[in-house]
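These are the residues of each chain, in order.
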Amino acid sequence: VWIAALLGAPCTTADTQAPQPTPVILISIDTLRADHLSAYGYTKIRTAHIDSFAQGGTLFTRAETQIPLTLPAHTCLFTSTYPFQNRIEENGERVPGQAVTLASVLRAHGYKTAAFIGSDFLDQRFGLDQGFDVYDSPFNLEAAERANPFTITLRRDGALVVRAARQWLDRNRGQSVFAFIHLFDLHSPYTLPESAARARGISRYDAQLVYVDEVLGRFQQALKDSGWWDRSLVVLLSDHGEGLGDHRESDHGYFIYESTVWVPLILHWPSRAAGNPATASAPAGLIDVAPTILDFLRMPAPASFAGKSQLGALRAGNAGGPTLVYSESLYAHDAFRWAPLRS
C-alpha cells in the first residue's frame, strides 16, 4: 500500500495485490563534466537524449563527487560512505568484503540485481560486485594484472554495455530489478578518430560525448518500447568530471576544482510519481544517491550510510539550512608527495 501511495497510484481497500516494487536503473557516465551537457547550459554541442532524462524528472544543479577517481567515486556512490571512511582513495584498491552496498540492500528486499561495466577500473576483482546477482565485467584479468593501471585501461564500447543490459532486462521483464550501467567512452584515450571531431568543429571530448548521447538515446527508446521507462526510477550521473586543460590539468584526479568534482545528477521519476520539482539547487554529493533511492522506495537506509536522502529537500522546494559537501584527492600526494587536497 505504501508503494502505491508513494507513486501516486490509487489504492483502495478492495485492492487484493500489492503493486510491483519500482524498478531502479542507475547509469554512470564516467568522466562526464556537468558543464558539457546542454541541460546545464553548454552550447557547443546538443546532448538532447541525455537532457531528455530530466523530462518528468529532477535535475540537480549542484551535485559533486567525493573524489575524482573512478573506483573511489563509485565506492562512495554504492556504499554511501566517504573515502576516508571506506579507505578506497585510489584506483586499484579493493573494497572490503561484506561492505553494505545499495545493491546488497535492494537484493535483500527481493530485487534482482545486475551490473554492466564499461571499464577494467570497476572489474569485479576490486570488490564492487557485492550485492549483485550478475556482475558483467568481461575483461581479460590476466592481461589487466600485467598492465600498468596508470597507462593501460581495458574497456568495452558503450553500445556493447547497453546491449548486455537490454538483454538482461528483457529476460527479467516484470521482475523487481536494479540495473547498474557504467559507460566509459568519455575517458581518455578517446576511441573515436580525431577526424570525427574535426568534421564537426568540436573537441575530441565533445565528439565522444555526442556518441554517448546517441547510445543513451537508443537505450532510452528501448526502455520506452519495453515498458521499463514509465515504471522505473532512472538515475543518470557521473563519477567525476575532466580537467580538459583547466588549471593545467588535462585529465582528473590531481586537483579538486569544479571541472572535476561538479557532476551531473538527473533523476527520472516513474510516470505515477508526481509533484517533484524540475530542478534541485540544494548541494548534494554522490553519497546521497543511494539513500535517496531507498527513501523513494520507502526502504530504511543502513546505519553505515553517511549520505542523506534528498527527497526532503525536494519536498521543501530546495529550502533548508546550509549543506556541506565534502570532496578530496590524495592521488598527487600519494604519487608525488604533493599536499593532500580536501574541500
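Report follows, based on the coordinates.

**Comments concerning unusual backbone geometry**
Item 1. The linkage connecting Ser188 with the following residue, Pro189, adopts the cis geometry, with an omega of 0 degrees.
Item 2. Within the secondary structure layout, Pro189 lies in the loop between strand E5 (177–183) and helix H8 (194–200).
Item 3. Positive phi values are uncommon outside glycine, yet His247 reaches one of about 55 degrees.
Item 4. On the secondary structure map, His247 appears in the loop between strand E6 (233–237) and helix H11 (258–261).
Item 5. Positive phi outside glycine occurs at Arg298, with the angle close to 60 degrees.

**What about helix H9 (residues 204–225)?**
Item 1. Taking 1.5 Å of rise per residue, 22 residues should cover 32 Å, and H9 covers 32 Å from first to last C-alpha, within 8% of that figure.
Item 2. By the criterion of burial, H9 is predominantly enclosed, with 16 of the 22 residues buried.
Item 3. Gly227, located one to two residues past H9, shows a positive phi value of around 90 degrees.

**Comments concerning the nonpolar core**
Item 1. Grouped together as the largest cluster of nonpolar side chains are 51 residues, with contacts concentrated most on Phe78, Phe178, Phe180 and Val235.
Item 2. Aside from chain neighbours lying at most four places away, what touches Phe178 is Val24, Leu26, Phe78, Leu102, Ala103, Leu106, Tyr111, Lys112, Thr113, Ala114, Phe132 and Trp168.
Item 3. Phe53, Tyr205, Val234 and Leu236 belong to the second largest nonpolar core, which has 44 residues in total.

**Observations concerning empty space enclosed by the protein**
Item 1. All told, the structure shown has one cavity of 30 Å³ or more when counted by the stated rule.
Item 2. There is about 50 Å³ of room inside the largest cavity.
Item 3. Around the largest cavity, the lining residues are Phe60, Val235, Leu265, Leu267, Asp288, Val289, Thr292, Ile293 and Gln310.
Item 4. Elements represented by at least two residues in the lining of the largest cavity include exactly strand E7 (262–268) and helix H12 (289–296).
Item 5. A per-element tally of the lining of the largest cavity places H12 first, with three residues.
Item 6. Taken together, the residues of the lining of the largest cavity break down into six nonpolar, two polar and one charged.

**Describing the environment of Ser119**
Item 1. Here Ser119 shows up in the loop between strand E3 (112–116) and strand E4 (134–136).
Item 2. Through-space distance from the C-alpha of Ser119 to that of Leu154 is 5.8 Å; in sequence the pair is 35 residues apart.
Item 3. Looking at Ser119, its side chain comes within polar contact range of the main-chain nitrogen of Phe121, at 3.0 Å.

About the thresholds
- Numbers given to residues run from 1 along each chain, matching the order in which its sequence is written.
- Note on the predicted model: pLDDT of at least 70 is required for a residue's local features to be given, and 80 or more for side-chain atom pairs to be given and counted; whole-chain, interface and lining totals, by contrast, use all residues.
- Calculated side-chain values reflect all of the structure's heavy atoms, with hydrogen atoms and water omitted.
- The numbering of helices and of strands both runs from the N terminus, where a helix is a DSSP run of H or I of at least 4 residues and a strand a run of E of at least 2.
- Multiplying one less than the number of residues by 1.5 Å gives the expected span of a helix.
- Any residue under 20% of the maximum accessible area for its type is buried, any over 50% is exposed, and the rest in between are partly exposed; the area is computed with a 1.4 Å probe on protein chains only.
- Residues enter a nonpolar core if they are buried and are Ala, Val, Leu, Ile, Met, Phe, Trp, Tyr or Cys, with the set joined through side-chain atoms within 4.5 Å.
- The criterion used for residue contact is that any of the two residues' heavy atoms lie within 4.5 Å.
- As defined here, a cavity is a set of points on a 1 Å grid over the protein atoms alone where a 1.4 Å probe fits but cannot get out. A pocket is an open set with protein on both sides within 12 Å along at least five of seven lines, and residues line them when an atom is within 4 Å of a point.
- Grid points are joined across faces, edges and corners, and a volume is the space filled by probe spheres set on the points.
- Here the nonpolar group is Ala, Val, Leu, Ile, Met, Phe, Trp, Tyr, Cys and Pro; Asp, Glu, Lys and Arg are the charged ones; every other residue, Gly included, is treated as polar.
- Polar contacts, as counted here, are pairs of nitrogen or oxygen atoms within 3.5 Å of one another; within protein the pair requires one atom able to donate a hydrogen and one able to accept it, and residues that are adjacent in sequence qualify only if both atoms are side-chain atoms.

Purely geometric numbers; function is a separate question.
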